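Examining the three-dimensional arrangement
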Amino acid sequence: MASSASSAASARVDLDGNPIKPLTICMIGAGGFIGSHLCEKLMNETQHKILALDVYNDKIKHLLEPDNLPWHGRITFHRLNIKHDSRLEGLIKMSDLTINLAAICTPADYNTRPLDTIYSNFIDALPVVKYCSENNKRLIHFSTCEVYGKTIGSFLPKDSPLRQDPAYYVLKEDESPCIFGSIEKQRWSYACAKQLIERLIYAEGAENGLEFTIVRPFNWIGPRMDFIPGVDGPSEGVPRVLACFSNNLLRGEPLKLVDGGQSQRTFVYIKDAIEAVTLMIENPARANGHIFNVGNPNNEVTVRQLAEMMIKVYSKVSGVQPPETPTVDVSSKEFYGEGYDDSDKRIPDMTIINRQLGWNPKTSLWDLLESTLTYQHRTYAEAIKKVIAKPVAN
Ligand SMILES: NC(=O)c1ccc[n+]([C@@H]2O[C@H](COP(=O)([O-])OP(=O)(O)OC[C@H]3O[C@@H](n4cnc5c(N)ncnc54)[C@H](O)[C@@H]3O)[C@@H](O)[C@H]2O)c1
Ligand SMILES: O=C(O)[C@H]1O[C@H](OP(=O)(O)OP(=O)(O)OC[C@H]2O[C@@H](n3ccc(=O)[nH]c3=O)[C@H](O)[C@@H]2O)[C@H](O)[C@@H](O)[C@@H]1O
């Protein structure tokens, strides 16, 4: 008799009521933050098989070992660098669907390693697109909300009433322009490379019939995002804001607000966002040919407000009192170096994803920070104490 888990999984149907066939998915960048959550979801709740490609597998080790896991045999890890590995085409050919997550995607790299950033986000993705197109394989490609760049409203005078009009700031997949800074502002190397790969994929769809979906994530956050400097990443490394602020909180240091923390972001819980990706995987007729914003327009804060909320939540979940000086201002030049620039505001329009997939985010910013910071505290607090206690070598 089939187990209740597997019979429940085999009875699953898509949004149009058709049974979902198990797929083989070539997931490139499966060992990263988003990949690890997607692998977890697909193993726990579906019957799909994953060929997981990455240079690292630390974040999915718990899904690969031991041999008696319920999904044993449905996920296999292939350690490879897509820059130079002849196995890539074969693995794409063996699959029904390719999901490409591989990228350099931390802002601290965009202006300091612009060549690596452009190669990673454009050149290295080219063979993936080509192999999918030539072999008639479906592609879900991860782009970014950064392709929108700055809002139209950011160019209006500070006191202009038009700044309050959503037409000047809400970001729509099929209408909003992509507004980047000058070439000296190398921050935009990432957004520009992502924009060009989006255009190439779109053109492959238009001219050669490639079946594609492009995902534009808006600040997905949660457990396993990036690294804590000096614990599971380089001491001098600068991860994305959730990990930067977590690191400050774990060490009892003030949180650093770049240029006063005035930029605005909308944060979505990784588990909500993964639901959207699962809908795309399992509803190709509704997802193919579309570009989807995936974010939570209800969770907007300035970076300063995010810092203040994280300080409160961390204190609640850890029992540790916040430092006397909870935040400090730092210039972007000091923090990121020459060539940094910023997106002012990022509110996703949700019309297309709502219409095609009926998806909506559920988790409030407070709740997602509570579960994420509980994880950060449990995972890192002891390790940080040891790092801090270590005598510094002369
Ligand atoms: N997390 C977000 O909120 C967010 C927002 C916007 C866009 N994205 C996009 O989503 C994708 C995944 O983001 P993430 O947050 O999981 O990042 P991540 O850095 O955690 O994951 C990327 C993974 O790709 C792997 N990788 C990079 N280059 C590779 C190569 N040449 N060969 C093999 N593997 C390689 C890395 O080792 C890493 O495990 C990226 O394309 C990113 O640009 C993420
Ligand atoms: O997550 C996304 O949707 C996209 O945006 C991110 O870009 P950004 O939001 O600017 O990156 P974060 O590092 O998360 O920074 C958010 C804001 O916090 C600020 N910040 C960051 C770190 C810090 O310690 N202090 C601080 O004030 C930054 O200057 C920025 O204004 C990254 O480019 C990508 O991962 C992704 O494509």
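Residues numbered from 1 in each chain as written. Chains lettered and ligands numbered in written order. Predicted model: local features only at pLDDT ≥ 70, side-chain atom pairs only at ≥ 80, totals over all residues. Heavy atoms only, no water.

Per an unreviewed UniProt entry, the protein carries the name UDP-D-apiose/UDP-D-xylose synthase 2 and comes from Stylosanthes scabra.

**Here we look at the nonpolar core**
If you look at the biggest cluster of nonpolar residues, it comprises 66 residues, and the most contacted ones within it are Ile-99, Trp-220, Met-280 and Val-294. Ignoring anything within four residues of it in the chain, the contact list for Trp-220 reads Phe-33, Ile-34, Phe-142, Val-215, Met-225, Val-268, Ile-270, Ala-273, Val-277 and Val-294. (Core = buried A, V, L, I, M, F, W, Y, C linked by side-chain atoms within 4.5 Å. Buried < 20%, exposed > 50% of the residue type's maximum accessible area, 1.4 Å probe, protein only. Contact = heavy atoms within 4.5 Å.)

**Quick look at the site of ligand 2**
The environment of ligand 2 is made up of 26 residues, and the closest members are Tyr-110, Glu-146, Tyr-190, Asn-219 and Asp-342. Within the backbone of Pro-217, a nitrogen or oxygen atom sits 3.3 Å from an oxygen atom of ligand 2. Contact with the protein chains hides 96% of the accessible area of ligand 2, taken as 710 Å² for the molecule alone. The set of elements that each furnish at least two residues to the shell around ligand 2 consists of helix 5 (107-110), helix 9 (241-251), strand 9 (255-258) and helix 13 (332-336). (Near = heavy atom within 4 Å. Polar contact = N/O pair within 3.5 Å; in protein donor to acceptor, adjacent residues only side chain to side chain. Areas by Shrake-Rupley, 256 points an atom, 1.4 Å probe, with all protein chains shown as cover. Helix = DSSP H or I, 4+ residues; strand = E, 2+ residues; numbered from the N terminus.)

**With respect to the site of ligand 1**
Every one of the 25 residues lining ligand 1 counts as a neighbour, but Phe-33, Asp-54, Asn-81, Tyr-190 and Trp-220 are closest to it. Asp-54 has a polar side-chain atom sitting 2.6 Å from an oxygen atom of ligand 1. Here a nitrogen atom of ligand 1 sits 3.0 Å away from a polar atom, N or O, in the main chain of Ile-82. Computed on the free molecule, ligand 1 has an accessible area of 830 Å², of which 89% lies beneath the protein chains in the complex. Counting residues per element, the ones that place at least two in the shell around ligand 1 are helix 2 (33-45) and helix 8 (189-208). Here the shell around ligand 1 is composed, by residue class, of 15 nonpolar, seven polar and three charged. (Nonpolar A, V, L, I, M, F, W, Y, C, P; charged D, E, K, R; others polar.)

**Overview of the pattern of salt bridges**
Within this structure, the stated rule accounts for 23 salt bridges. One salt bridge in this structure joins Arg-286 and Asp-16, with 2.7 Å as the shortest N-O distance. Linking Arg-286 in helix 11 (residues 284-287) with Asp-16 in the loop between helix 1 (4-10) and strand 1 (24-28), this pair joins segments that are 270 residues apart in sequence. You can call Asp-16 partly exposed: its relative accessible area is 46%. Between Asp-349 and Lys-172 there is a salt bridge, and its shortest N-O distance comes to 3.9 Å. Here Asp-349, found in the loop between strand 15 (347-348) and helix 14 (351-357), pairs with Lys-172, found in the loop between strand 6 (170-171) and helix 8; they are 177 residues apart in sequence, far enough to count as distant. For Asp-349, a relative accessible area of 12% puts it in the buried group. What emerges from the salt-bridge pattern is a single network uniting Glu-146, Arg-187, Arg-265, Asp-342 and Arg-346. (Salt bridge = Lys/Arg side-chain N within 4 Å of Asp/Glu carboxyl O.)

**Considerations on the environment of Leu-242**
Relative to the assigned elements, Leu-242 resides in helix 9. Between the C-alpha atom of Leu-242 and that of Met-225, which follows or precedes it by 17 residues, the distance is 7.6 Å. In this structure, Leu-242 is in contact with Ile-221, Gly-222, Met-225, Met-310, Leu-369, Thr-372 and Gln-376, ignoring residues within four places of it in sequence.

**Quick look at the pairing of strand 2 (residues 49-54)**
Most of strand 2 is tucked away: five of the six residues are buried. Note that strand 1 and strand 2 share five bridges and pair parallel. Its bridge partner lying in strand 2, Cys-26 is registered against Leu-51. (Pairing = 2+ DSSP bridges.)

**Remarks on the packing of aromatic side chains**
Counted by the stated rule, this structure contains seven aromatic pairs. With 6.0 Å between their ring centres and 45° between their planes, Tyr-148 and Phe-218 make a pair best called tilted. Separated by 70 residues along the polypeptide, Tyr-148 in the loop between strand 5 (138-142) and strand 6 and Phe-218 in the loop between strand 7 (212-217) and strand 8 (220-221) bring together distant segments of the chain. We classify Phe-218 as buried; its relative accessible area is 0%. Linked through ring pairs, Phe-335, Tyr-336 and Tyr-340 together constitute an aromatic cluster. (Phe/Tyr/Trp six-rings, centres within 6.5 Å; stacked < 30°, edge-to-face > 60°.)

**Here we look at helix 2**
Helix length check: helix 2 (13 residues) gives 19 Å between terminal C-alpha atoms against 18 Å at 1.5 Å per residue, within 8%. Every buried residue of helix 2 is accounted for by Phe-33, Ile-34, Gly-35, Ser-36, His-37, Leu-38, Cys-39, Glu-40, Lys-41, Leu-42 and Met-43. (Expected span 1.5 Å × (residues − 1).)

**Considerations on a nonpolar patch on the surface**
Judged by side-chain polarity, Leu-115, Ile-118, Tyr-119 and Ile-123 come together as a nonpolar surface patch covering roughly 370 Å² of accessible area. Within the secondary structure, Ile-123 sits in the loop between helix 6 (114-121) and helix 7 (126-134). (Patch = residues over 30% accessible without salt bridge, like charges linked within 9 Å, V, L, I, M, F, W, Y side chains within 5 Å.)

**Observations regarding the pairing of strand 12 (residues 290-294)**
Within strand 12, five of the five residues are buried, which leaves the element mostly enclosed by the surrounding structure. Burial along strand 12 is two-sided: His-290, Phe-292 and Val-294 and Ile-291 and Asn-293, pointing in opposite directions, are all buried. One ladder, built from five bridges, connects strand 7 with strand 12; its direction is parallel. The residue bridging Arg-216 from the neighbouring strand is Asn-293, located in strand 12.

**Digging into helix 10 (residues 270-282)**
Think of an α-helix as 3.6 residues a turn; residues three or four steps apart then line up on the same face. Compared with an ideal rise of 1.5 Å per residue, which puts 13 residues at 18 Å, helix 10 spans 18 Å between its outermost C-alpha atoms and is within 8% of the ideal. Counted residue by residue, helix 10 has 10 buried out of 13 residues, so it is predominantly covered. Residues Ile-270, Asp-272, Ala-273, Ile-274, Ala-276, Val-277, Thr-278, Met-280, Ile-281 and Glu-282 constitute the buried set of helix 10.

**A word on the state of the cysteines**
What the rule picks out here adds up to zero disulfides. Free cysteine Cys-145: the closest other cysteine sulfur is in Cys-105, separated by 11 Å. Note on Cys-178: no disulfide assigned, nearest cysteine sulfur contributed by Cys-192 at a separation of 9.2 Å. (Disulfide = S-S within 2.5 Å.)

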